[in-house]
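# Survey of secondary and tertiary structure
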Amino acid sequence: MYKEILLTAIGLIGAKDTILTIQEYNDRHYYYQIARQVSNILNKPLLVVGEPKMSIHHGYGDITIDINPTKPNVIKMDVLDIDKYYPYKYFGCAYVSHVLEHLPKDKLYEAIDKLLYVSDCLIALYPKYMKIILGIIHPEHHVDTLFELWRLSKSGTLIICDPIGYNALSYVLSNQVS
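The paragraphs below set out a description of the structure included in this document. Numbering of residues begins from 1 in every chain and follows the order in which that chain's sequence is written. The predicted origin of the model limits local features to residues at a pLDDT of at least 70 and limits the giving and counting of side-chain atom pairs to 80 or more, whereas totals for whole chains, interfaces and linings rest on all residues. Hydrogen atoms and water are omitted, and side-chain values are computed over all heavy atoms in the structure.

### Quick look at the packing of helix H3 (residues 105-118) against helix H5 (residues 143-152)
This is how it is decided: Think of each axis as a best-fit line through the C-alpha atoms, taken over the contacting stretch in the case of a helix, with angles from 0 to 180 degrees between the N-to-C directions. Here a strand is any run of E in DSSP of at least two residues, a helix any run of H or I of at least four, and the numbering for each starts at the N terminus. Angles below 35 degrees are treated as roughly parallel, those above 145 as roughly antiparallel, those between 65 and 115 as roughly perpendicular, and all remaining angles as oblique. Crossings are sorted by hand: turned counterclockwise from the far helix by less than a right angle, the near helix makes the crossing left-handed, and turned clockwise it makes it right-handed. Note on definitions: a residue-residue contact is assigned when non-hydrogen atoms from the two residues lie within 4.5 Å. Each residue is assigned to one class: nonpolar for Ala, Val, Leu, Ile, Met, Phe, Trp, Tyr, Cys and Pro, charged for Asp, Glu, Lys and Arg, and polar for all the others, Gly among them.
Where H3 contacts H5, the two axes come as close as 8 Å, and the packing angle between them is 50°. Looking at the two axes, H3 sits oblique to H5. Crossing hand, H3 versus H5: right-handed. Packed against H3, whose contacting residues are Lys-105, Leu-108 and Tyr-109, the element H5 presents Asp-144, Thr-145, Glu-148, Leu-149, Arg-151 and Leu-152 at the interface. For the contact of H3 with H5, the residue count by class is four nonpolar, one polar and four charged.

Structural data, given as structure tokens:
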């Protein structure tokens, strides 16, 4: 009987993780499309931080950077160096998917500041809060950084815009077809 209960519990956790993973993939596509549209409206390039590891994650930006790129169209760069290579408000939107949680907590706000320096809008995705409850954490994630991100927004998505970026984002969101 205990074996059946344990197997049922493991099955439920696995199902919940599968649902969360599908939702995260959907979120990656959804917010990538928003980031692309915001950049298009502002007539500026889209920055993608973090090379898409699989085609189901999200697309590439006009410029895509990664600390360990595997594709020739991705620039090898640490997100903390972005302001050394691109001028103030060069990008319409910076789309950052599952990157910030790899930074130490003391570098999180530095990265956010630098991304907002080079872009009008920042859309950052990170693992949803439920993942830690289920004990599903990538070994390279900084748990204290994740908790700080969740403190800012428990939805798994952080959106910060300057007034120009906010206006473009509002336009995109208000003109979506359901």
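### Some thoughts on the pairing of strand E5 (residues 119-125)
The cut-off we apply is this: Only protein chains enter the accessibility calculation, which uses a 1.4 Å probe; a residue is then buried when its area is under 20% of its type maximum, exposed when over 50%, and partly exposed in between. A clockwise path from the first strand over the helix to the second, with the strands pointing away from the viewer, defines a right-handed crossover. For two strands to be treated as a pair, DSSP must find no fewer than two bridges joining them.
Counting buried positions along E5 gives seven out of seven residues, so the element sits mostly inside the fold. Traced from strand E4 (residues 91-97) through H3 to E5, the parallel crossover comes out right-handed. Summarising the sheet, E5 and strand E6 (residues 157-161) pair through five bridges and their orientation is antiparallel. Bridge pairing in E6 places Leu-125 opposite Thr-157.

### Remarks on the pattern of salt bridges
Heads up, the rule is: Salt bridges are defined by distance alone: a side-chain nitrogen of Lys or Arg within 4 Å of a carboxyl oxygen of Asp or Glu.
Scanning the model with the defined rule gives nine salt bridges in all. The shortest N-O distance in the salt bridge between Lys-84 and Asp-81 comes to 3.1 Å. With a shortest N-O distance of 3.9 Å, Glu-148 and Lys-105 are connected by a salt bridge. Highlighted residues: Glu-148 in helix H5 and Lys-105 in helix H3, separated in sequence by 43 residues. By relative accessible area, which is 38% here, Lys-105 ends up partly exposed.

### A look at the pairing of E4
Burial analysis of E4 places seven of its seven residues in the buried class, which makes it a mostly covered element. In this sheet, E4 lies alongside strand E1 (residues 46-49) in parallel orientation, the contact comprising four bridges. Of the residues in E4, the one forming a bridge with Val-48 is Tyr-95. Looking at chain direction, E4 and E5 are connected through six bridges and run parallel. Bridged to Ala-94 within E5 is Leu-122.

### Thoughts on the sheet that holds E5
Spatial ordering of the open sheet is given by E3-E2-E1-E4-E5-E6, a layout of six strands whose pairing is mixed. Both outer strands of the open sheet, strand E3 (75-76) and E6, are each paired with one neighbouring strand and no more. Contacting E1, E4, E5 and E6, H3 runs over the sheet at an angle of about 140° to E5. Along the sheet, helix H6 (residues 163-174) contacts E5 and E6; its crossing angle with E6, the most-contacted strand, is approximately 120°.

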